[in-house]
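Architecture at a glance
Chain by chain, the residues:
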Amino acid sequence: MKAVILAGGTGNRLHPIDSDVPKAMLPVFDRPLIEHTIIQLSRHGIREVVVALSYRARDIVGYFGDGARWGVKIRYSVESRPMGTAGALGLLRDIIDETFVVVNGDVVQDIDITRMITEHKAAQARITFAIARSETPEQYGVVKLDDSGAIAGFVEKPRSSDGAVESVSAGVYIMEPDVLASVSYGVAANLETDLLPRMAANGGELAGSVQEFYWRDIADLVSYRAAHKDILAGKAIIEIPATHIGEGIWLGDNVTVHPSAELIPPVFLGKNVTVRPGAVVRGGSIIGENTLIDDSATVANSIIGQGTWVGAGSEIDNCVIAGGSSVSSESVVRDYACLAAAQSPGAAAREIASEVRV
Ligand code: GTP
C-alpha cells in the first residue's frame, strides 16, 4: 500500500523557528516532524511513500532521498505553486491505483493506521478519516455528525465554538483511488473546504474512524511545545531517539554532563550535548543535539534548538530558542521564542526574543 504525506504548505504561525526550515522539517526530539510519520507508516507495513511538496521542497528531498534509510521507497511530487491539499492529491492519479493512506505532514499523532484500513474496508467508504475531539475546534475542520453518527458535513475553521468540544478531522485518511478523479487535475483545491464537503453532501461516501489516539496539529509555538511535553510524559506512542536512563531522563549518544551539573526530569538531551559544571536543566526541557549549556547556566521548561550555545550563568525559562542561537553569558530570557542569533551579544538576543511571546 502507498501513503501520501502532504507537506507542501507554507505554514506561517511558527515564527520564528520556521524561518529557515519548512514546517515538515521542524525538529521534534531532533527528528524532522515528518520523519516520525515515515517511521509510523513503515511500522504499519507501508513501503511506498509519496511526499507532496511545494514550499522549500529541496530541503525535504535532500534529507530523505530515496527513503532507503527508513526501509521505504520515497518519491516526491513537487508543485510549482501550492495546489492545496486536494489539488496536490489530484496530481497523483497516474501513480495511485489502489487504496492508499494520506497523512498531513504537520501533525504529531499515533493513530492506528492498520485499524483505520480495516475499518475503511468494512465500511466500504471512499474516504475514511480519523476523527479527533478538540477543545479548540475553531482552528480546524469541524466534522458534523448526524444523530446516527454518520458524517453530515464540514465546517472549516468555524469562527467561534463557544468552548464546545467538537469532532475534528485529525489529518489522516484512507482513500480509494477513484477519489482522485473527483479532483480537477491541475486546479488548486482543498480537502476540507472542497472535496470532503462535496462528498459529505453525496452521502455514504465518507466514514469516520473514532479511536483513542494522540494527536496534535503543529500549528503554532504553543502546540509545538505541548507536543514535546506530551511525548516526554508518555502520552503519545512516538519514539524518542535517545536512551531512557530512567526517571524521565533521555540522553542521546555522546552526551556529557558534568558531575556538578543537575538534570531534573523530565528532560531530553540530544546527542553531543554538553552540560558544564554547575548548570541545571529542568522542567520538561528539550535540548537539541550539539548544544552547549555553559557553566552555571539554567534552562527550565524550554526547547533549545540544535547547535545552540547557552552562555555561562544565563537563565532561560519558558522559551523556545531556534537552532543555531547564541545566548550570551549572564543573559536572562523568559517567556519568549528567540530567533537564531549567532554572535549576538546578550542584549541583542533579548531584543530579538521580545518579538514573540510564548
Ligand atoms: P497553517 O494554516 O498555518 O497550518 O498552514 P499550512 O500551509 O500548513 O496548512 P494546513 O494546516 O491546511 O495544511 C495541512 C497539511 O497539508 C500540512 O502538512 C501542509 O504542509 C500540507 N499542505 C497545505 N497546502 C498544501 C499544498 O498546497 N500542497 C501540498 N503538497 N501540501 C499542502
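Presented here is a report on the structure given in the accompanying data block.

The rules behind the values
- Residue indices follow the written sequence of each chain, beginning from 1 at its first position.
- In keeping with the predicted nature of the model, local features appear solely for residues at pLDDT of at least 70, side-chain atom pairs appear and are counted solely at 80 or more, and the whole-chain, interface and lining totals rest on all residues.
- Excluding hydrogens and water, the side-chain values take into account all heavy atoms of the structure.
- Counting from the N terminus, the helices are DSSP H or I runs at least four residues long and the strands are E runs at least two residues long.
- The reference for a compact globule is 2.2 Å times residues^0.38; the radius of gyration itself is calculated from the C-alpha atoms.
- Only protein chains enter the accessibility calculation, which uses a 1.4 Å probe; a residue whose area is less than 20% of its type maximum is buried, one above 50% is exposed, and one in between is partly exposed.
- Two residues form a contact once any of their heavy atoms are found within 4.5 Å.
- The Shrake-Rupley method, run with a 1.4 Å probe sphere, supplies the accessible areas, and residue values consider only the shown protein chains as cover.
- Counted as positive: Lys and Arg. Counted as negative: Asp and Glu. His and the chain ends are not counted at all.
- By convention, charge coordinates are those of NZ in Lys, CZ in Arg, CG in Asp, or CD in Glu.
- Two strands pair if DSSP finds at least two bridges between them.
- Each Phe, Tyr or Trp ring (for Trp, its six-membered ring) is paired with any other whose centre lies within 6.5 Å, and the angle between the two planes then decides the class: stacked below 30 degrees, edge-to-face above 60, tilted in between.
- Only the contacting stretch of a helix is used when fitting its axis, a line to C-alpha atoms as for every element, and angles between N-to-C directions run 0 to 180 degrees.

1. Focus: the overall build of the protein
In terms of regular secondary structure, the protein is built from seven helices and 31 strands. A compact globule built from 358 residues should have a C-alpha radius of gyration of about 21 Å, and the protein, at 21 Å, falls within 12% of that. Counting only C-alpha atoms and orienting by the principal axes, one finds that the protein spans roughly 65 × 45 × 40 Å. The buried share of the protein, taken over its 358 residues, is 53%. Sequence separation of 24 or more characterises 52% of the internal contacts of the protein that already satisfy a separation of 6 or more. Summed over all atoms, the accessible surface of the protein reaches about 15,100 Å², with 48% contributed by carbon and sulfur. When the 31 basic and 44 acidic side-chain charges of the protein are each reduced to a single mean position, those positions are 2 Å apart.

2. Description of the sheet that holds strand β28 (residues 326-327)
Here we have five strands laid out as an open sheet, ordered β16-β19-β22-β25-β28, and parallel in their pairing. Only two strands of the sheet have a single partner each, and these edge strands are β16 (256-257) and β28.

3. Comments concerning the packing of aromatic side chains
What the rule picks out here adds up to six aromatic pairs. Between F129 and F154 the ring centres are 5.5 Å apart and the planes differ by 45°, which places this aromatic pair in the tilted class. Of this pair, F129 sits in strand β8 (residues 127-134) while F154 sits in strand β10 (residues 151-156), placing them 25 residues apart in sequence. A single burial state applies to F129 and to F154, both of which are buried. Members of the aromatic cluster, each reached through a chain of ring pairs, are Y63, F64 and W70.

4. A look at the sheet that holds strand β23 (residues 298-300)
One open sheet accounts for five strands, arranged β17-β20-β23-β26-β29; its pairing is parallel. Since the sheet does not close on itself, it has two edges, and those belong to β17 (262-264) and β29 (332-334), each with one partner. On average, each strand axis in the sheet is inclined to that of its neighbour by 5°, with strand direction left out of account. With three bridges joining them, β23 and strand β26 (residues 315-317) adopt parallel strand pairing. Pairing of T298 across the sheet is with E315, part of β26.

5. Side note on the side chain of S77
Within the secondary structure, S77 sits in strand β5 (residues 73-78). If sequence neighbours within four positions are ignored, S77 has contacts with V50, V51, A52, L53 and L92.

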